[in-house]
Amino acid sequence: VSAENLSSVRSEIEATAETYGQEFDKLAEKANSLSKTYAISMSEANDIIAKGLAEGGQYNEEFLDSIGEYDEFFAKAGYSAQGFIDLINTGYDLGIYSDKLPDALKEADLALKEQTKTTRDALVNAFGASFTNDILQKVRTGEMTTKEALEAISKKADETGLSQQQQAQLTADLFKGAGEDAGGAQKIFDAVNQSQQKGLK
C-alpha cells in the first residue's frame, strides 16, 4: 500500500474491525493475504471481507482463519475472491463447521486432477461414462477449472437425484475423509450450488 493510501486503508480496516468485533491486526493480515493472492487492492480485499462478515462470517469463528489458509488454493481452483468468501459462508450456513468444506474441496481438486480409477468409478457409477469422461478430459486439458468441474458435477447431482450408495461412493472417492467430516457428498454439492447462486445475484 502506498504511503498516501495507507491511512485511508487503515481507517477502512479499523471500521470493519470495529463494526464486526474483529481484531484489527488479524483483519489486516487476512486482507493483505487476499489482496496478494488475487492481485487486488487492500481496500477491495477489505470490502470483500466486510461483505463476507456481514453475510454471516462474523458468527463463524473460523471465517478469518479460512481466508489465510485457503485463499491460494481457491484462487488456483478458479474461484474469485468473492466466490471463495461466498463458499465459506454457504458452508457455515449449511452447518458445515470449521474448515471441513475447504478441506473436502481440496481433496476433490486432487482427485479430479489425479483421475485415479476409484475417482473415475465413483463418477461413472453416479453420472455415467460420457458425462464423466467429458468432465475429466476438460480438467486434464485445463479447459475446465476445478470450480467449473465441481459446479457441473453438483448441478448434475441435483438433476439426477443420487442413491445413498452413489452418495457414499462419491463421498469416499471424490471428497475422501474430509467429505465425511463435511457431512457427505450431497451436502457439499448443496454448498457448491448455493454459493454459485449467491454469485449470480
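Read on for an overview of the structure. (Residues numbered from 1 in each chain as written. Predicted model: local features only at pLDDT ≥ 70, side-chain atom pairs only at ≥ 80, totals over all residues. Heavy atoms only, no water.)

Attention now moves to the packing of helix α3 (residues 42–54) against helix α5 (residues 81–93). At a closest axis distance of 10 Å, the pairing of α3 and α5 adopts a crossing angle of 20°. Classified by the angle between their axes, α3 and α5 sit roughly parallel to one another. For the pair α3 and α5, the sense of crossing is right-handed. Here Ile48, Lys51 and Gly52 of α3 come into contact with α5, specifically with Ala81, Gln82, Ile85 and Asn89. Residues of the contact of α3 with α5, tallied by class, amount to three nonpolar, three polar and one charged. (Axes fitted to C-alpha atoms, helices over the stretch in contact; angles between N-to-C directions. Helix = DSSP H or I, 4+ residues; strand = E, 2+ residues; numbered from the N terminus. Parallel < 35°, antiparallel > 145°, perpendicular 65-115°, else oblique. Left-handed = near helix turned anticlockwise from the far one by under 90°. Contact = heavy atoms within 4.5 Å. Nonpolar A, V, L, I, M, F, W, Y, C, P; charged D, E, K, R; others polar.)

Here Gln115 lies in the loop between α6 (100–114) and α7 (117–127). By relative accessible area, Gln115 is classed as buried at 14%. At a separation of 3.0 Å, a polar atom in the side chain of Gln115 contacts the main-chain carbonyl oxygen of Leu112. Within the local environment of Gln115, its side chain forms a polar contact with the side chain of Arg140, the two groups lying 2.5 Å apart. In this structure Gln115 touches Arg120, Leu136, Val139 and Arg140, once residues within four positions along its chain are discounted. (Buried < 20%, exposed > 50% of the residue type's maximum accessible area, 1.4 Å probe, protein only. Polar contact = N/O pair within 3.5 Å; in protein donor to acceptor, adjacent residues only side chain to side chain.)

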